[in-house]
Amino acid sequence: WRGWGGAPYSTLVPSDEVTINYRHGLPVITLMLPTRRERCQFTVKPVVTTVGAFLQDVQREDKGIERAEVFATDGSKVSDATLMEVLLMNDFKLVINNTAHSVSPPVKDKLSSEHATEMEDIKSLVHRLFVALHLEDHQIRKERELLQKLDHLKGELLPLEQMKARIMDSADAKTSRLLWVGLALMSTQGGALAWLTWWVYSWDIMEPVTYFITYGSAMAFYAYFVLTKQDYIYPHAKDRQFLHYFYRKSKKQRFNVERYNKLKDDLAEAEESLRRLRQPLHLRLPIQEINDKD
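Worth saying up front: this structure is predicted, and the values here are computed from it rather than measured.

(A) Fine view of the packing of aromatic side chains. Summed over all chains, the structure comprises 8 aromatic pairs. Centre to centre, the rings of Phe-246 and Tyr-247 are 5.7 Å apart; their planes meet at 90°, and the pair counts as edge-to-face. Note on Phe-246: relative accessible area 8%, which makes it buried. Residue class for Tyr-247 comes out partly exposed when judged on its relative accessible area of 47%. Feature note: the residues Phe-242, Phe-246, Tyr-247, Phe-255 and Tyr-260 constitute an aromatic cluster, connected by ring pairs.

Structure (structure tokens):
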């Protein structure tokens, strides 16, 4: 008779010729080699091994196999590029030479539940061994790397810190001078208005003048709000003027503010990583868990 795809098969043997069992989470396919007439086991990695690679392993084991193919239950040929994980989800036909083997893979979920306790014990043992053998060395190596990174960042920041200190002193001095100049101008204005009121003119003449001076000051404060989107509060105005002088001086002296901020952020991150690394309660926690706790 003819099988799937029109290929002639001489026999169709029962499924006990090919069996599949799971050992330690991996499928083990046992089949009878036609030439050697002995049973042979093939352990496959489902997420890595393809159908083509499995068939090649079978042909290498028995040189007398001239043809090895896999068909689905509906008669369609399974591609050699198909992963074994996909193939083992359903029943299939394994054709070796002119013999077709009917294969029914076991349900993986049931197998997993049966060996769940054993697998958890193995995982726990592997984790404990890894911690015992590698954690201390990893901690020391990581700490050494962080200390080297800290020294490198501090070395790069030192000249920038010195330049920044000089620029800040200059900007602070200019801002202070501007504040004193403002105080001097306001004192001069007050003295001039008093002199004009009591010695030169009368209050009847000076009252409209003071009104327009007050109204002009209100317009100036409103213009400040329009331009800066902030109220004219003396501490805020002082800080704004300080930053203006600071950035203008930085540009003249070619002080890279962005690079300085980047180095400061990297330094803070390295110091925080070193602090977490040296914290005994966090030594065995993954980074994600540490972040969640913090």
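(B) Representation of the pairing of strand 3 (residues 26-32) in the model. In terms of burial, strand 3 is largely enclosed, as 6 of its 7 residues are buried. The sheet contact formed by strand 2 (residues 18-23) and strand 3 spans 6 bridges and is antiparallel. Note that in strand 3 the partner of Ile-20 across the bridge is Ile-29. The antiparallel hairpin formed by strand 2 and strand 3 contains 2 residues in its connecting segment, where His-24 sits at a positive phi of about 55°. Sheet topology places strand 3 next to strand 4 (residues 39-43); 5 bridges connect them, and they run antiparallel. Each residue of the ladder has a partner; that of Leu-31, found in strand 4, is Cys-40. With antiparallel pairing between neighbouring strands as the criterion, strand 3 and strand 4 make up a hairpin whose turn holds 6 residues, including Arg-37 at a positive phi of roughly 55°.

What counts and what doesn't
Residues numbered from 1 in each chain as written. Predicted model: local features only at pLDDT ≥ 70, side-chain atom pairs only at ≥ 80, totals over all residues. Heavy atoms only, no water. Phe/Tyr/Trp six-rings, centres within 6.5 Å; stacked < 30°, edge-to-face > 60°. Buried < 20%, exposed > 50% of the residue type's maximum accessible area, 1.4 Å probe, protein only. Helix = DSSP H or I, 4+ residues; strand = E, 2+ residues; numbered from the N terminus. Pairing = 2+ DSSP bridges.

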